[in-house]
Amino acid sequence: MKKLFSMSVALILLLAVTACGSKPAANDAKPADQPQQAATQPAAEKKEEQKAEFNYPEKNLNWTIAFGPGGGNDIMSRTIIDILKKHDLYSKDIIAENRQGGSGAVGWGYLNSHKGDPYQISSTSGSFITTPLVSDPGFNYESFTPVALMATDDMVLVVKGDAPYNTLEEFIEAAKTRDKKMAIGGIGAVNVDAILPWLLAKEAGFEIEYVPFQGDGENTSALLSNSIDAMMANPAEALGQIQAGQMKPLAFSGQVRIPQLPDVPTFIEKGYKSVTLPMPRGVVLAGDVPKEVQDWWVDTMKKVTETEEWKKYINDNSLTEYLLFGDDFTKYLEETNKVFRDVLIETGALKQ
Amino acid sequence: MDLLSNLALGFSVAVTPLNLLFVTVGAFIGMLVGVIPGFGPSAGIAILLPITLSLDPTSAIIMLAGIYYGSMYGGTITSILINTPGESATVASTLDGYPLARQGRAGPALVMQAIASFVGGTVGVILICSLAPWFAKVAMSFGPSEYFMLVVLGLLMLTVMMGENQRYGIVSALFGFAIAMVGVDVVSGQQRFTFGSAELINGIDFIPVAIGLFGIGELLSCVYEGNHREKPQDMMKVKMFGKGFWPNAVDYIETKWTMFRGSVLGFVVGVLPGAGATIASLMSYSLEKKMSKTPEKFGKGAMAGLVAPEAANNAASSGAMIPLLTLGIPGSGSTAVLLGAFLMWGLQPGPLLMIEHPEFSWGLITSMYMGNIVLLLVNIVAIPIFVKALQVPYKLLLPVIVVLCVIGTYSLHGSIIETWIMLICGVLGFFMKLYGYSPAATVLALVLGPMAENTLRQTLIASSGSFSVFVQRPVTLSLLIIVLIAIVFPIIMRIINKSRKNNRDIVA
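Note that the structure is predicted; figures quoted are calculated from it, not measured. (Residues numbered from 1 in each chain as written. Chains lettered and ligands numbered in written order. Predicted model: local features only at pLDDT ≥ 70, side-chain atom pairs only at ≥ 80, totals over all residues. Heavy atoms only, no water.)

Colleague: Please explain a positive patch on the surface as it appears in this structure.
Modeller: Residues and elements named next belong to chain B. A cluster of basic residues, Arg-494, Lys-498, Arg-500, Lys-501 and Arg-504, forms a positive patch at the surface. Residue position: Arg-500 is located in helix α22 (residues 474-507). Classification of Arg-500 by relative accessible area gives exposed; the value is 51%. (Patch = residues over 30% accessible without salt bridge, like charges linked within 9 Å, V, L, I, M, F, W, Y side chains within 5 Å. Areas by Shrake-Rupley, 256 points an atom, 1.4 Å probe, with all protein chains shown as cover. Salt bridge = Lys/Arg side-chain N within 4 Å of Asp/Glu carboxyl O. Lys, Arg positive; Asp, Glu negative; His and termini not counted. Charge placed at Lys NZ, Arg CZ, Asp CG, Glu CD. Helix = DSSP H or I, 4+ residues; strand = E, 2+ residues; numbered from the N terminus. Buried < 20%, exposed > 50% of the residue type's maximum accessible area, 1.4 Å probe, protein only.)

Next up, the structure:
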């Protein structure tokens, strides 16, 4: 067992060595002292400093990823970090850390505990709005300093490849005439996946049963096995199924069509104006940071969105580019928050 | 021959010196990671994924396949040597693996598990090559209602591993269900028993509970019994390279059909997305116990009781590749991480993956085959080292194991709450062992409980609350009939036996 222990020590060393060789892994290394220093310095003192002479950045940046490795939020964060490094937009080091748990509650809770620290940053997703609404983690979107909305995630309503309906109209017609309610699957109970079909059913005047799943795999196999009638899918993940004819896309929830699915109409085109609810993929700083820092980041993010790498990321992940900076981003979060809240109260998921 | 040309393509991709090196390095790193308690395949792949990002997709996936298999082999080593399963699929391996090690048969146990894993993996790969399209169809007919019946079947199998006192076993399983209640209810989105803690929103993970109940619980129990004072030779008798290090002929003969049955069963269950290796290893173990002529030996160091779940969980992990490659559906934690990796490399998962990127898909499948061969060799070389570790006096081993358990738990999510959960479960595990409760039933109930709850509720929501769905869908109905037979058959047998006995009494 001694051997075993020394082997695991050797392994850790080995990992450290290999990690230095590859870019994304290098971000995981955490110099323990620097972030702490930044955290313990009183915020007031820092403000004084900034007023005297604006020198940013002076320290390493701590990038909190509120979800696990490999997920949508993780990929976006690491893409931005790579761009910042590659184009020398941030002169010091950037330390990325996955603080997952509680649908973002752990990660953003951590960011919220560093109010006033200009070296704490994080990226947002749909849960940035929904988690504070349903689980009261002690923060909401107002607790942070908005930098930029970079893109939005929208969803596509799909049915099985051999389903009897080919268009949204036929689907709605079938839903209205048959006895059994349409069962529509999605991921999570209090999520955009649940709200979109509910909005559609309300506007078109039919009834649905929403079936919550835990992951994309469960959801897909439920649809392919005829257990549910339709599902809300992430375009990037459903594209393969659609190309193979296993799934038929009926409508897309974005403001405009996406290039990956050029023939799929939006709900808005079909006359269902309310059925669009973009999930914000943006960047926020810790709360109460100086205005200069916020402006610095707004400028920097503008540069990021102009790079080739960013355009490629948007395209590869079937996202919609949607740029809003600073206070426009706040206004957007306010509106989205209100829509989510109203819908959740109406569906009974939220008591008010 | 389609199969042969596919395999030839796969081998031509996988068998280059560089890729061979990648699979060997991957297998070795995977095994080292797997040896740390709590690090199973999904954790191993997630941690090591960034290393592979700088490689081209085919080499990267080949290395990942090596890591995947390596960490599965490594995880079993801790199940056998220190009674700590690294993931839910190796819980069943502790039941007979650890008693074997305690009897001084750690060497044969490790060699046999390597062989069983090799056979399981190989049978799995052969079945993938020959029957992938057919199995993909089977996987496609599985929705929530089918999964629910399958999980119910898994829960029934649980009763077989509860040990002698079934009442205590049921209490243990209920305790597991209770732990599983913590966290967000998937269906309503409401939090249950989280007491305002952000870290409990996602529920209590299987790994801290398993490490606590098995690993720390076992340590405390050894100290309680005074084993730490004994000389290592008495605690774990080890014979190096002599007679008794290698499995004897009886071991091979006794388990040759077990390996085969376990492999096929494991593969079939593994193909179903979501059910995976845990249910496969459970079913395989209980099947062998039912078929055995000496079922009383199970749980006390029966070689078949180790071989059955090992062959099954490795075959299942090959099986899990079928829905991933042919349908783009991840069937387990590890394959979900692999799916994420596909997207990172710009490969579109889905039914067209195998057609559009045959060199990638078949390269992956053949590298799994090679991974198995490499690991069998690596294992046989490394086993003496692991067994040698057992010669260290137990009182010195104790603190090292505690440190490894704490590191393993903490580094999973960096959560101090999970570390406390692990330590508390350690104390609970000690008392469970002392009074004859079943930790295996607890952790497996923790895994299966939420699956049963979610799939049942999903089924009933989709059917608007009608139970008729369980008899309308043919696969669900067949599984329901199997469940009913599994419940009713033993009762009928008991009645028949009783009446026979009565008749005999009357005649006599």
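Here the narrative resumes, following the displayed structure.
Colleague: How should I be thinking about unusual backbone geometry in this particular structure?
Modeller: For residues besides glycine, phi is generally negative; the peptide bonds are generally trans as well. Omega for the bond connecting A:Tyr56 with A:Pro57 falls within 30 degrees of zero, at -5 degrees, which places this linkage in the cis form. Backbone geometry places A:Asp288, a non-glycine residue, at a positive phi of 55 degrees. Given a relative accessible area of 48%, A:Asp288 falls into the partly exposed group. The backbone of B:Asn83 shows a phi angle near 60 degrees, a positive value even though the residue is not glycine.

Colleague: Can you help me understand the environment of B:Arg457 in this one?
Modeller: Residues and elements named next belong to chain B. Position of Arg-457 among the secondary structure elements: in helix α20 (residues 439-462). In sequence terms Arg-457 and Phe-148 are 309 residues apart; their C-alpha atoms lie 9.4 Å from each other. Residue contacts for Arg-457: discarding those within four places in its chain leaves Asp-185, Val-187, Ser-188 and Arg-192. (Contact = heavy atoms within 4.5 Å.)

Colleague: So what exactly am I meant to see when it comes to the pairing of strand β8 (residues 230-233) of chain A here?
Modeller: Every regular strand shows the same layout, with side chains that alternate between the two sheet faces. Residue and element names in this part refer to chain A. Of the two faces of β8, the one carrying Ala-230 and Met-232 and the one carrying Met-231 and Ala-233 are both buried. Pairing of strand β5 (residues 156-160) with β8, which is carried by three bridges, proceeds in the antiparallel orientation. Bridging across to β8, Leu-157 finds its partner in Met-232. Bridge count for strand β6 (residues 182-187) against β8 is two bridges, and the pairing is parallel. Bridging from a neighbouring strand, Ile-184 pairs with Ala-230 of β8. (Pairing = 2+ DSSP bridges.)

Colleague: Help me understand the packing of aromatic side chains, please; the structure alone is not making it clear to me.
Modeller: The description of an aromatic ring pair rests on the distance of the ring centres and on the angle between the ring planes. Residue and element names in this part refer to chain A. One pass over the full model with this rule turns up 24 aromatic pairs over all chains. Considering the side-chain rings of Tyr-56 and Trp-296, the 5.0 Å spacing of their centres and the 70 degrees angle between planes classify their relative orientation as edge-to-face. With Tyr-56 in the loop between α4 (43-52) and β1 (61-65) and Trp-296 in helix α12 (residues 291-305), this residue pair connects regions lying 240 residues apart in the sequence. No difference in accessibility class separates Tyr-56 from Trp-296, as the two residues are buried. (Phe/Tyr/Trp six-rings, centres within 6.5 Å; stacked < 30°, edge-to-face > 60°.)

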